[in-house]
Amino acid sequence: MGLLIGESSGRLSGDRRPWLRWLGWVIFGLLVAGFARQCTSLYLNYSSLQPVGPLEGPLSVLPRVPETCRPHTHLMFLKTHKTASSTVLNMLYRFGEEHGLRFALPMGYMLGYPYTFNVHRIKGYRGNRAAKYDIMANHLRFNKDEVQKVLHEDTFYFSILREPLSLAKSSFAYFHDICPTFRKLESLGAFADSPGRFHKAHRRNSHYARNLLWFDFGMDPNANVTQEVVREGLVTIRKNFKLILLSEYFDQSMVLLRHALCWPLDAVVSFTLNKAHYRPPTGGAEDGFDLRQPVVDVSLTPAQREKLREWNALDWHLYQSFNRSFWEDVRRFGPERMDQEVALLRARRDQLAGVCLLKAGEPVEAHHIGNEDIRPYQCGSVRVLGYELQPGLDNATTEACLRLIRPEIQYKDLLDAKQFPRSQPSIRDPARKLDVNGTIEKC
């Protein structure tokens, strides 16, 4: 019967009604196009909740976490400075927004930093009887006694570190104008030659100049470096934090984090945010730089590198210790398994970049970005780069892509509006980034 029907259909379309064949192909083409467009939208929308899309070759099968594993939704991320922490914050913002989680948001853009954290820095805090927060991730100076007052008992604490010399370069460039230790120096090398001569430890924002990581973890950055001080600091951090990531090995860190949190792959796929490009000595207005900003030289001789390492000895001990434990974690995870999952993560990132971003996913200067919602704030003598979206995306895909590239200032404002829909914004001009005391807060 099937053969007879096929023969009859062929005679009808070929002999009597040729326009039906043409109409059929048109309808088929429209259905295929619509299906493809819908798939693209679903593929990106609520990305952390969707299974990974089809990948070619050996990456076609996504490693699955055990079914008995439940995703962590109670999280405390100590957002350290200049460590790729803005990229991690974006992941947490995305995950929390998509799952309807409650954030411990600041009244400005940081939770009282650089002062030691106090719960009254949280916007809308109503006292100890108020409901607990699901995610705390904005900049703060760590204070476990205060933090745990507003978080669930099963909260997962984690943070991220960066190699201290690399961190010192970034800190010098970013905080040059607000750190009294750096303000009158034209080069990091000049500071490294005699740091004690320039350091003003008693003045606000001087902490950016010495042991910045140690400071962010709530400890004294100017303490004498002794075995006991180092040991007590490391023991305290290991007691409070379940995982410490490394910015130099960001992809490997994301694999460890994904499995520690029992999250799907898309939840930890990201594009690098707050990426900086240093102004060259010959850079001018045509390069997008503000010529009123001084050229900052962050180059160092070998001798200066050693002096700066000694100056930041507490950070150096901190980084060395957790560098060792990081690779112990990788070894327990399995080096081959790690390589496979890093490859999968990078393939997924490239896939999303191809859908979302112009210029093959390469970051661009802020002045080339027309949409203020995704234009990063510029700070100091560096050029902070951002991304441009592909044109012609449908609404759902546009929104999913925006989540991936939205800078932290704009994303915080968006979450604030959702969590406090009836309140007035505490800062009318987010580009100024002022805290509640009217001082520069975020750079």
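To be clear, the structure that these remarks concern was listed above.
The rules we used
- Residues numbered from 1 in each chain as written.
- Predicted model: local features only at pLDDT ≥ 70, side-chain atom pairs only at ≥ 80, totals over all residues.
- Heavy atoms only, no water.
- Pairing = 2+ DSSP bridges.
- Helix = DSSP H or I, 4+ residues; strand = E, 2+ residues; numbered from the N terminus.
- Contact = heavy atoms within 4.5 Å.
- Axes fitted to C-alpha atoms, helices over the stretch in contact; angles between N-to-C directions.
- Parallel < 35°, antiparallel > 145°, perpendicular 65-115°, else oblique.
- Nonpolar A, V, L, I, M, F, W, Y, C, P; charged D, E, K, R; others polar.
- Disulfide = S-S within 2.5 Å.
- Buried < 20%, exposed > 50% of the residue type's maximum accessible area, 1.4 Å probe, protein only.

Novice: What is the right way to read the sheet that holds strand 2 (residues 135–136) from this model?
Specialist: In a beta sheet, neighbouring strands are held together by backbone hydrogen bonds and run either parallel or antiparallel to one another. Pairing is parallel across the open sheet formed by four strands, whose spatial order is 2-1-3-4. Two strands in the sheet have a free side with no partner beyond their single neighbour: strand 2 and strand 4 (243–246). Of the strands in this sheet, strand 1 (75–78), strand 2 and strand 3 (156–161) touch helix 3 (residues 85–99), which is tilted by about 160° from strand 1.

Novice: Where do I start with the packing of helix 5 (residues 164–174) against helix 11 (residues 302–311) in this structure?
Specialist: The description of two helices packed together rests on the angle between their axes and the distance between the axes. Taken N-terminus to C-terminus, the directions of helix 5 and helix 11 make an angle of 95°; their axes are 10 Å apart at the nearest point. By the angle between their axes, helix 5 is roughly perpendicular relative to helix 11. Within the contact between the two elements, helix 5 uses Leu165, Ala168 and Lys169 and helix 11 uses Arg305, Leu308 and Arg309. Grouping the amino acids of the contact of helix 5 with helix 11 by side-chain chemistry returns three nonpolar, no polar and three charged.

Novice: What should I look at first to understand the state of the cysteines in this one?
Specialist: In a disulfide, the sulfur atoms of two cysteines are held together by a covalent bond. Within the structure shown, the criterion is met by two disulfides. Paired through a disulfide, Cys69 and Cys262 show a sulfur-sulfur distance of 2.1 Å. Note that Cys69 is positioned in the loop between helix 2 (18–44) and strand 1 and Cys262 in the loop between helix 10 (250–261) and strand 5 (276–278), a separation of 193 residues in sequence. On the accessibility criterion, Cys262 (4% relative accessible area) is buried. The side chain of Cys356 participates in a disulfide bridge whose partner is Cys401; the two sulfur atoms lie 2.1 Å from each other. What sets the handedness of the Cys356 and Cys401 disulfide is the S-S torsion sign, and at about -75° it is left-handed. With Cys356 in helix 13 (residues 335–356) and Cys401 in helix 14 (residues 395–405), this pair connects stretches of sequence that are 45 residues apart. Here Cys356 matches Cys401 in class, with each residue buried.

Scope: geometric values only; no functional claims are made or implied.
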